[in-house]
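Here is how the chains run, residue by residue.
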Amino acid sequence: YCDTPVPTGSISGSVTDEGSGDPLAGTCVTATGADVPRLTTTGTDGSYEIPNLEPVGYTVHFRDCVGLVTHDDEYFDDEQDMAFADVVSVGSIPVSDINAELTRLGAISGTVTDGYSGEPIDGACVVASPAGGYPPVRSAVTGADGTYLLERLVAGDYSIQFIHCTYFPRRWITEYYDDAEQREEGDAVPVSLGATTNGIDAVLTPFGRITGTVTDDLTGEPLEQVRRRNMEEMAAG
């Protein structure tokens, strides 16, 4: 009887960071042809090889897939849509230099300060959502200097919300960039791949406060640990 020939074709190459040229380890590389897609990941030097391929045409996809996603994915050769990808023809001779330079995802940075004192706010939450959409896709918390960095954002426009993270007591009024009370009223913040949109700052308005002293009606002595009654308790008597 006749043995079925073992496919001997292969695709190999390397994946690097577009900006620095550094190798990208842990990138998933998928070759899709006539049969089941074949998958591998790049090594520490950014190189990969997909062996034992049938002699057909393949589209090759590169995707950051290990740990936190930091780079945008693409098809060979530098295409975002599979329909426009270059087809890699595989025969009995190995095909090499099917390389990719992946672009880092975008970022947004800024500073959050107190509208009364001008001091930086430590621990304010900054949340990015697609402009005009939901749900949130990234969040960050300001440091002691009031600065924040929202990383790993795909290209597009974003709505940015600034909110005091602590549930109680919240000291500052929530707002949207730029100084808007409602999401629909805020300015969209554009993000490009491989770049940081800087200067997306916020000056948060502190909530007002009411202070006073509680005393005993008969003795005039101050009373400790008298808690505030909420509206439901007051209505119930």
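What you are looking at is a predicted structure, and each value in this text was computed from that prediction instead of being measured.

Chemist: How should the overall build of the chain be read in this particular structure?
Modeler: Along the chain, the regular secondary structure elements total one helix and 17 strands. Buried residues in the chain amount to 33% of all 237 residues. Across the chain, every contact between residues at least 6 apart in sequence was considered, and the portion connecting residues at least 24 apart equals 62%. Surface summary for the chain: the accessible area is close to 14700 Å², and the carbon and sulfur share equals 50%.

Chemist: Help me out: how do you make sense of the packing of aromatic side chains in this one?
Modeler: We describe a pair of aromatic rings using the distance from one ring centre to the other and the angle between the two ring planes. Counted under the stated rule, the structure contains two aromatic pairs. When the centroid spacing of 6.0 Å and the interplanar angle of 75° are considered together, the rings of Y48 and F62 count as edge-to-face. Here Y48 is found in strand β4 (residues 47–53), whereas its partner F62 is found in strand β5 (residues 57–64), with 14 residues between them in sequence. A single burial state applies to Y48 and to F62, both of which are buried. An angle of 70° between the planes, with centres 6.1 Å apart, marks the rings of Y148 and F162 as edge-to-face.

Chemist: What's the story with the nonpolar core in this structure? I'm lost.
Modeler: As a rule of thumb, soluble globular proteins bury nonpolar side chains together. By size, the foremost hydrophobic cluster in this structure holds 20 residues, and its most contacted members are I108, V112, Y148, L150, I160, F162 and I200. Mapped onto this core, the elements with two or more residues apiece are β9 (106–114), β10 (124–130), β12 (147–153), β13 (156–164), β15 (189–191) and β17 (202–204). Apart from residues lying up to four places away in sequence, F162 is in contact with V112, C125, V126, Y148, T174, E175, Y177, I200, D201, A202 and L204. Core analysis: the second largest hydrophobic core is formed by 18 residues, Y48, L53, V88 and I98 among them.

Chemist: How should I be thinking about the state of the cysteines in this particular structure?
Modeler: Cysteine pairs can be linked by a disulfide, which is a covalent bond between their two sulfur atoms. By the definition in use, this model includes two disulfides. Put simply, C28 and C65 are joined by a disulfide, and their sulfur atoms are 1.8 Å apart. For the disulfide bridge between C28 and C65, the dihedral angle about the S-S bond is near 85°, and by the sign convention the bridge is right-handed. Linking C28 in strand β2 (residues 27–32) with C65 in the loop between β5 and β6 (74–75), this pair joins segments that are 37 residues apart in sequence. Disulfide pairing places C125 opposite C165 at an S-S distance of 1.6 Å. With the S-S bond torsion at 125°, the cross-link from C125 to C165 turns out right-handed. Of the two residues, C125 sits in strand β10 while C165 sits in the loop between β13 and β14 (175–176), which places them 40 residues apart along the sequence. Numbered by position along the chain, the disulfide-linked cysteines of the chain connect as 1-2, 3-4.

Calculation rules
Residues numbered from 1 in each chain as written. Predicted model: local features only at pLDDT ≥ 70, side-chain atom pairs only at ≥ 80, totals over all residues. Heavy atoms only, no water. Helix = DSSP H or I, 4+ residues; strand = E, 2+ residues; numbered from the N terminus. Buried < 20%, exposed > 50% of the residue type's maximum accessible area, 1.4 Å probe, protein only. Contact = heavy atoms within 4.5 Å. Areas by Shrake-Rupley, 256 points an atom, 1.4 Å probe, with all protein chains shown as cover. Phe/Tyr/Trp six-rings, centres within 6.5 Å; stacked < 30°, edge-to-face > 60°. Core = buried A, V, L, I, M, F, W, Y, C linked by side-chain atoms within 4.5 Å. Disulfide = S-S within 2.5 Å.

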